[in-house]
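# Inside the fold
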Amino acid sequence: MELFEFKKAFENNFYLSEEYIQFCETVSEISRDPSFKNQGILKNKNISIHSYNDLERENMIKKEIHFLSVSLKDNSKENNPSFMEYPVWYYKPYEKAYKSFDKTFRKYIKRVEKNNFTTQIIRTFDKNTINQVYNLYIQHMKRLNGFLFPKSFFSTFLKIPSSLLFLVFDKHKLIGYSFCFENKNNLYASVGAGHKEYFDKYINYKLHHEKIKYACKNKLNIHMGMGTKDSGYNKFKKRTGAICLKCIKYPDNEGFIKKILPLTRYTFTGLIFRLFSRLAPKKVVFISMPFT
């Protein structure tokens, strides 16, 4: 991994932009602290994921501002890796990108292409589309026993200028989606999922492959979304040639996260999370910040 690639992926960082900060203010209904000028500080959180330097991190710690910082280090090669890691796929022409896929990824994208699924990319708000996507999102999050964002989150997402939404259909049936931001040299993958009935037809491979083809065509890096070390999903991203970068969090609550994650295997945990999501939807969004 070259320093040049890393710097290019984090220059013109969309998560530092006024557009993104305003989006976070809207979906959480929390206004930024005016004393921090153009920074995205909502209450005690810096909601912008970035490659903050030592001095920037020290200043935030002194002010007790929570943050998530990404480092140049390949987390898989670290003696003391972080539990949370940030996968980045660096731009390359498609022929070179294809060669960087592992054998499993190449095999399954060949198989999924035989299904004749169609892909659509939309950039404007459409109520019917949001309704379809949200139904698929709820199905996915129930399976994961996770918190639920309100539908307004997705409507707001698709109304901002830098957003785009990848959709995959089996004829007229929506079977996969991925919300993204596009800015300068980078594509930022956010919330997305495939239909559970199409897992054995490699829908998730299709979604990732479509984003990679789009990135290759438009000369973009892909920020693939925050994940946990050695999780199946991050291993999946590595199959595309992504590098999982080490993260620095303040406060360092990774031990607590490791203890909480196993609880999401139980149905009762999902019921509690969904109840809390209905009672305090905006609070759930704020608790999840900084998010990808």
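Residues numbered from 1 in each chain as written. Predicted model: local features only at pLDDT ≥ 70, side-chain atom pairs only at ≥ 80, totals over all residues. Heavy atoms only, no water.

### Remarks on the packing of aromatic side chains
Using the following cut-off: For Phe, Tyr and Trp, where Trp contributes only its six-membered ring, two rings pair if their centres lie within 6.5 Å, and the inter-plane angle classes them as stacked under 30 degrees, edge-to-face over 60, or tilted in between. Helix and strand definitions follow DSSP, with helices as H or I runs of at least four residues and strands as E runs of at least two, each counted in order from the N terminus. Buried means the residue's accessible area, taken with a 1.4 Å probe over protein chains only, is under 20% of the maximum for its type, while exposed means over 50%, and partly exposed covers the values in between.
Evaluation of the coordinates by the stated rule reveals 40 aromatic pairs. An angle of 75° between the planes, with centres 5.8 Å apart, marks the rings of Phe23 and Phe181 as edge-to-face. In this pair, Phe23 sits in helix α2 (residues 18–28) while Phe181 sits in strand β7 (residues 173–183), placing the two residues 158 residues apart along the sequence. Judged by its relative accessible area of 2%, Phe23 is buried. Given a relative accessible area of 3%, Phe181 falls into the buried group. Note on Phe149 and Phe153: the rings are 4.7 Å apart at their centroids and 55° apart in plane angle, and the pair reads as tilted. Overall, the relative accessible area of 2% leaves Phe153 in the buried class.

### Thoughts on the pattern of salt bridges
Note the cut-off: Should a side-chain nitrogen of Lys or Arg be within 4 Å of a carboxyl oxygen of Asp or Glu, the pair is scored as a salt bridge.
By the definition in use, this model includes 11 salt bridges. Between Glu78 and Lys246 there is a salt bridge, and its shortest N-O distance comes to 3.5 Å. On the criterion of sequence distance, the pair formed by Glu78 in the loop between β3 (67–74) and β4 (84–89) and Lys246 in strand β11 (residues 243–250) is long-range, its members being 168 residues apart. The class for Glu78 is partly exposed, based on a relative accessible area of 23%. Overall, Lys246 belongs to the buried group, its relative accessible area being 16%. Glu197 serves as the salt-bridge partner of Lys173, at 3.3 Å between the closest nitrogen and oxygen. In this pair, Lys173 sits in strand β7 while Glu197 sits in the loop between β8 (186–194) and α8 (203–218), placing the two residues 24 residues apart along the sequence. Salt bridges linked by common partners bring Glu113, Lys206, Glu210 and Lys213 together as one network.

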